[in-house]
Amino acid sequence: MPDFIIVGAQKAGTTSLYKYLQSHPSVVLPPDVWKEIHYFNEKYNRGSLWYKSNFPIKSRNNFYLTFEASPNYMFYPHSASRITQACPNAKIIFLLRNPVDRAYSHYNHNLTYQRESRSFERAIEEDSSKIEGELQKMLNDQHFYSKYCMDFAYLHKSIYVDQLARFLSCFPRNNILVLETEKLFGDTHNVFLEVQKFLNLPIQNYQLKEFKPHNTRNYSHGLDLNTRRQLTNYFSQYNHQLFELIGIEFDWD
């Protein structure tokens, strides 16, 4: 089983951190592994042996760590309990991005892959009640998986407090690392050292050869300023609850 898991958030830098860690000499992944295994959300019925088959074989003499990064684990309501049953000693990493920017990036991601044709404003207005209903169904039934909810919950995925609370109820606080996406890209060197220390990697203080962001795109249109102000106000109460929960405050104006 993995020693640690990057669980999210989606569109918050998980691919970049995955690539940085993949280059570390104390981290080993099989050559054909893919970043997002999605076992603890949509592929749970494949069983633990299938999940284990995605990772290298380890013995007591193997001084390396292995991991995966599936950003939808953070949002899927049953991932935390499933992970703690399968990997009770795993360390969990969160990357949290300004919720407004994360939501808009998520929307543009769907535009790129032609899953979305609406305006951003229309999408978040139309989806609100439907997403809430689908999310409630997933909460009530572990066998129900809403692909629509997981793909289009632009605002709900940016309300981090409830998502982190689920993991904090399943794992000790010292097994959880919460990182600010903006700091990862603004001070990559020191954040990567923090990650190495948290994971207690056998080789410490490894220096990245480059700090290139991965899986980033330029948008054809920027977010409307009025929409940004409205969403900043919308997320304000949730951000305040989050900061109280984790004991860290981010500058997300």
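Coordinates for the structure precede this section.
Presented here is a report on the structure given in the accompanying data block. (Residues numbered from 1 in each chain as written. Predicted model: local features only at pLDDT ≥ 70, side-chain atom pairs only at ≥ 80, totals over all residues. Heavy atoms only, no water.)

## Some words on unusual backbone geometry
Note the threshold: Numbered from the N terminus, helices here are DSSP runs of H or I no shorter than four residues, and strands are runs of E no shorter than two.
That bond from Gly-8 to Ala-9 is cis: its omega, 10 degrees, falls within 30 degrees of zero. Among the structural elements, Ala-9 can be located in the loop between strand 1 (4–8) and helix 1 (14–22). Here His-38, not a glycine, exhibits a phi torsion of approximately 60 degrees, which is positive. Its place among the elements puts His-38 in the loop between helix 1 and helix 2 (48–52).

## Details of empty space enclosed by the protein
The condition is simple: A cavity, in this analysis, means grid points on a 1 Å lattice covering only the protein atoms where a 1.4 Å probe fits yet has no way out; a pocket is instead an open set bounded by protein on both sides within 12 Å along at least five of seven lines, and a residue lines either one if it has an atom within 4 Å of a point. Grid points are joined across faces, edges and corners, and a volume is the space filled by probe spheres set on the points. Side-chain classes follow a simple rule in which Ala, Val, Leu, Ile, Met, Phe, Trp, Tyr, Cys and Pro form the nonpolar group, Asp, Glu, Lys and Arg form the charged group, and the remainder, Gly included, forms the polar group.
What the rule picks out here adds up to one cavity of 30 Å³ or more. Approximately 40 Å³ is the volume attributed to the largest cavity. By residue class, the composition of the lining of the largest cavity is four nonpolar, three polar and one charged.

## Overview of the sheet that holds strand 2 (residues 67–69)
Pairing between the strands of a sheet is mediated by backbone hydrogen bonds and can be parallel or antiparallel. Stated formally: Here, any two strands with at least 2 DSSP bridges between them count as paired. Axes, fitted as lines to C-alpha atoms, cover a helix only where it is in contact. Angles between the N-to-C directions of the axes lie from 0 to 180 degrees. Whether two residues are in contact is decided by their heavy atoms, any of which lying within 4.5 Å being enough.
Spatially, the four strands line up as an open sheet ordered 2-1-3-4, and their pairing is parallel. If you trace the sheet from one side to the other, it starts and ends with strand 2 and strand 4 (176–180), each paired once. With direction set aside, neighbouring strand axes in the sheet form an average angle of 15 degrees. Of the strand pairs in this sheet, strand 3 (residues 91–96) and strand 4 are connected by five bridges, and their pairing is parallel. Paired with Ile-92 across the two strands is Ile-176, which belongs to strand 4. Where helix 7 (residues 160–168) meets the sheet, it contacts strand 1, strand 3 and strand 4, and its direction lies at approximately 175 degrees from that of strand 3.

Limitation: the analysis is restricted to geometry and does not speak to function.
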